[in-house]
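In case you want the letters, here they are:
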Amino acid sequence: MPTAIPESEFGPPRVWIARRRWSLAMAFPLVAVMFGAVSPAHAQKRNPSEVPSAPVVQLIVKESGAIRSAAAINGRGDEMRRIQQWSAAALQPLTSKRVMSGGARILRLSTPLTASDAAAVAQRLRATGAFDYVDVDYRIHVAGVAANDTYLSQQWNLSPATSSRGGADVLAAWQRMPTGGSVTVAVVDTGITAHEDLDASRLAAGYDFLIAETLTTTADAKTGKFLPTGFVKNDGIADRDTDPSDPGDWVTADDATNYPDLCGPAVPSSWHGTYVSGIIAATRGNGLGIAGITPFARIS
């Protein structure tokens with residue numbers, strides 16, 4: 001019985017269809033992963049490698065709750081009066097470009113400003129006490145992240161959508177990702193095996209939810225035969241256990257003959273759980289395989 005992935009590297013991303021309908025049951029525990037919303041104030045904490053690359057032409061502001069409530073009652077005339085007051089306080093003519101979700105608003109500057117001058121305008125508006133926040137809407141250039149992974153050039157899904165249709169622009173997002181393993185991703189799949197492109201120190205405890213009798217009461221629709229006890233669980237342990245290791249889900253020629261509907265054709269093991277874990281968190285910049293989407297995450 002194979003116990004490790006025969007290939008030394010993950011291949012490039014591709015769509016994978018599980019060959020055995022039960023292969024997704026050998027699983028890690030499903031846990032809730034909470035991602036905190038990033039407040040607009042946080043948006044101003046730029047990475048040192050990010051620098052404004054163009055003049056500033058607008059601000060993003062949000063008035064305090066009391067002022068917004070009064071504005072909703074007083075209407076358009078009151079809005080124009082407030083913008084005039086903001087312009088006077090900012091020492092810069094301002095116009096309202098549009099209202100955003102959550103009560104925020106984009107204010108257009110009358111003339112493009114340098115980053116430092118725009119920051120001074122923002123500070124003058126903050127000093128009025130009329131806003132929950134005032135942020136400079138910088139256009140920034142994100143420095144690249146060095147990565148020498150073998151198949152990185154084939155990972156179109158990491159590229160910007162402008163260069164690869166459907167790309168998630170992960171290469172730029174890496175600049176803002178936490179590096180301390182503060183995010184845990186739950187993978188519910190076939191289990192996991194040791195792999196040189198996965199950092200074992202970032203693999204959290206897992207669980208095997210299968211029992212030896214899994215699918216043994218379901219007859220194959222074509223042959224009428226039943227799977228033997230332990231066929232699906234495939235690790236010699238009768239009950240659920242705390243070992244999430246993937247023992248393999250290969251299908252032999254005899255399996256395909258005896259259980260053609262349940263097993264499908266003869267195939268080698270998919271190692272699908274390890275494959276998915278690699279897409280999520282394969283080590284970046286180690287000269288091997290691929291780069292994970294969030295290479296500092298923990299896998300559970």
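These figures come from a predicted structure and were not determined experimentally.

What counts and how
- Residues numbered from 1 in each chain as written.
- Predicted model: local features only at pLDDT ≥ 70, side-chain atom pairs only at ≥ 80, totals over all residues.
- Heavy atoms only, no water.
- pLDDT = per-residue confidence, 0-100.
- Contact = heavy atoms within 4.5 Å.
- Helix = DSSP H or I, 4+ residues; strand = E, 2+ residues; numbered from the N terminus.
- Expected span 1.5 Å × (residues − 1).
- Buried < 20%, exposed > 50% of the residue type's maximum accessible area, 1.4 Å probe, protein only.
- Arc of directions from axis to C-beta.
- Phe/Tyr/Trp six-rings, centres within 6.5 Å; stacked < 30°, edge-to-face > 60°.
- Pairing = 2+ DSSP bridges.

**Q** I tried to follow the confidence of the model for the chain on my own but got confused; where do I start?
**A** Any segment with low pLDDT has predicted coordinates that should not be analysed in fine detail. Averaged over all residues, the pLDDT of the chain equals 78, while 74% of them reach at least 70. Scored below 50 in pLDDT, residues 1-52 shows 140 contacts in the model against residues more than four places distant or in partner chains.

**Q** Help me out: how do you make sense of helix H3 (residues 115-126) in this one?
**A** Every α-helix carries 3.6 residues per turn, so stepping three or four residues along brings you back to the same face. For H3, spanning 12 residues, the distance from its first C-alpha to its last is 16 Å, which sits close to the expected 16 Å at 1.5 Å a residue. All of the buried residues in H3 are Ala118, Val121, Ala122 and Leu125. The buried residues of H3 occupy one face: seen down the axis, they fall within an arc of 100°.

**Q** Mind showing me how you'd approach the packing of aromatic side chains here?
**A** We describe a pair of aromatic rings using the distance from one ring centre to the other and the angle between the two ring planes. For the structure on display, the rule yields three aromatic pairs. Where Trp86 meets Phe131, the ring centres are 5.2 Å apart and the plane angle is 55°; that geometry is what we call tilted. Here Trp86, found in helix H2 (residues 76-90), pairs with Phe131, found in strand S5 (residues 131-136); they are 45 residues apart in sequence, far enough to count as distant. Considered together, Trp86 and Phe131 belong to a single accessibility category, that of buried residues. With a centroid separation of 5.0 Å and 55° between ring planes, the pair formed by Tyr207 and Phe209 is classed as tilted.

**Q** Looking at this structure, how should I read the pairing of strand S4 (residues 104-113)?
**A** As a general feature of sheets, a regular strand has side chains that alternate between the two faces. Alignment of strand S2 (residues 56-63) against S4, held across six bridges, turns out to be antiparallel. Paired with Ile60 across the two strands is Ile106, which belongs to S4. Pairing geometry for strand S3 (residues 94-99) and S4, over five bridges, is antiparallel. Counterpart to Arg98 in the pairing with S4 is Ile106. Here S3 folds back onto S4 in antiparallel fashion, the turn holding four residues, of which Gly102 has a positive phi close to 75°.

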